[in-house]
Amino acid sequence: MADSALSTSGTEYTFGTVLTAMVTPFKDNGDVDYVAAAALATKLVDDGCDGLVVTGTTGETSTLTDEENLGMFSAVLDAVGDRAKVIAGTGTNDTRHSISLSTRAAALGVHGLLLVTPYYNKPSQAGVKAHFEAIANAAKLPVMIYDIPGRTGIAISTETIIELSANEYIVALKDAKADFMATTRVLAETDLDVYSGDDGLTLPLMAAGAVGVVSVTAHVATAQYRAMVDAMHAGDLATARRLHFELDPIQRAVMTHIQGAVAAKTVLHWQGVLTNNVVRLPLVTPTEAELEPVRADLRAAGWDL
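Let me sum up the structure you'll find in this document. (Residues numbered from 1 in each chain as written. Predicted model: local features only at pLDDT ≥ 70, side-chain atom pairs only at ≥ 80, totals over all residues. Heavy atoms only, no water.)

Observations regarding helix 4 (residues 125–139)
Each full turn of the α-helix corresponds to 3.6 residues, which orients residues three or four apart in the same direction. What counts, and what does not: Labels follow the DSSP assignment, with helices taken as runs of H or I lasting at least four residues and strands as runs of E lasting at least two, numbered in each case from the N terminus. Any helix carries an expected span of 1.5 Å times its number of residues minus one. Only heavy atoms enter the contact rule, under which two residues are in contact if any of them lie within 4.5 Å.
Helix length check: helix 4 (15 residues) gives 21 Å between terminal C-alpha atoms against 21 Å at 1.5 Å per residue, within 8%. In this structure, the buried residues of helix 4 make contact with helix 3 (95–108), strand 4 (112–116), strand 5 (143–147), helix 6 (158–164) and strand 6 (170–175). Count one or two residues on from helix 4 and you reach Lys140, which has phi positive near 55°.

The structure is reproduced here in structure tokens:
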């Protein structure tokens, strides 16, 4: 769909407004399936995404080698890089490693970087700030920082986010903290483009000024997210609210019962988009008992997969 990162109001955003946090398809033997990745990226952009996050958390980046990460960036760039923004998930808990991967991604031509809070180490806020700035300054690409304390073990404090917004390369925040008051302050006191990192909070965060969403559920409901985000940019709250409610059971199906990458791959497999739902250990494919509530939520959305 989109050849630019424009909202319906005509405002241009660095990364677009509807971004999917892409899964990394695997072959039956567990190797990365770059052909399937290119096909998935093409479908997502055709259906309405103007940005793709490649090998972020949902892309199982922690189980990929650097060469596999770079192969995914290249495959998606070749497929849709002229029609959508390709954001490389290059953040790790090792600053030097992140710099190396980020600069190699920059050399391939990615449009920006997604950098998650350094996990497990539990650095101070000074360490978090220095980590992000070191990577951004080395790669010299637009950066979206990713605040998801439920996975990383620490939050990026509001004060740190405000300080980071002064860096010329740090232009966006993927907010998965579910702290509306903290996000409100970021929106009020910075020029960062804020994206909902929780699918179900897209509408309320956009009501406060967020520009869009980085979504897992958008794998399987791209057009609905495009319509809802465009409605919010157009000031059509009634339409956006209706779509928010329509998306709710789909979001529950993908995000609340089993791990997001596992769920997304499974539903994509049911839809015939992927040939399998293979994941890498420590993730495992779900049992039929685990899938029943997923199917039930999709049935509530009117889907029969």
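Observations concerning the layout of surface pockets
Inclusion rule: Computed over the protein atoms alone on a 1 Å grid, cavities are sets of points where a 1.4 Å probe fits but cannot get out and pockets are open sets with protein on both sides within 12 Å along at least five of seven lines; a residue lines them when it has an atom within 4 Å of a point. Grid points are joined across faces, edges and corners, and a volume is the space filled by probe spheres set on the points. Gly is placed with the polar residues, together with every amino acid not listed as nonpolar (Ala, Val, Leu, Ile, Met, Phe, Trp, Tyr, Cys and Pro) or charged (Asp, Glu, Lys and Arg).
There is about 410 Å³ of room inside the largest pocket. What lines the largest pocket is a set of 20 residues, among which Thr57, Thr61, Ser62, Tyr119 and Arg151 lie closest to the centre. Where the lining of the largest pocket is concerned, the elements lending two or more residues are strand 4 and helix 5 (149–152). Residues that form the lining of the largest pocket fall into these classes: six nonpolar, 11 polar and three charged. Put simply, the second largest pocket is a space of about 270 Å³. What lines the second largest pocket is a set of 24 residues, and nearest its centre among them are Thr58, Tyr146, Arg151, Val216 and Met255. Of all elements in the fold, only strand 8 (212–215) and helix 11 (260–270) reach the threshold of two or more residues within the lining of the second largest pocket.

Let's talk about the pattern of salt bridges
It is possible for side chains of opposite charge to pair when their charged atoms get near one another. To be explicit about the condition: Put simply, a salt bridge is a Lys or Arg side-chain nitrogen that is within 4 Å of an Asp or Glu carboxyl oxygen. Using a 1.4 Å probe on the protein chains alone, a residue whose accessible area is under 20% of its type maximum counts as buried, one over 50% counts as exposed, and one in between counts as partly exposed.
For the structure shown, the criterion picks out 16 salt bridges. One salt bridge connects Glu159 with Arg185, and the closest N-O pair in it is separated by 2.9 Å. Of this pair, Glu159 sits in helix 6 while Arg185 sits in helix 7 (residues 180–189), and the two are 26 residues apart along the sequence. Judged by relative accessible area, which is 41%, Glu159 ranks as partly exposed. Judged by relative accessible area, Arg185 falls into the partly exposed class, the value being 32%. We note a salt bridge from Asp230 to Arg226, for which the minimum N-O separation is 2.7 Å. Here the residue Asp230 and the residue Arg226 both occupy positions in helix 9 (residues 222–233), the gap between them amounting to four residues, near one helical turn.

A few points about the nonpolar core
Let me state the cut-off plainly: Nonpolar cores are built from buried Ala, Val, Leu, Ile, Met, Phe, Trp, Tyr and Cys residues. Side-chain atoms within 4.5 Å join them into one set.
Met22, Leu52, Leu113, Ile145 and Tyr195 are the most contacted members of the largest nonpolar core, which totals 98 residues. When sequence neighbours within four positions are dropped, the list of residues in contact with Met22 reads Ala37, Leu40, Ala41, Leu44, Leu52, Val53, Thr58, Gly59, Met72, Val76 and His219.

Spatial relationships are all this shows, so hold off on functional conclusions.
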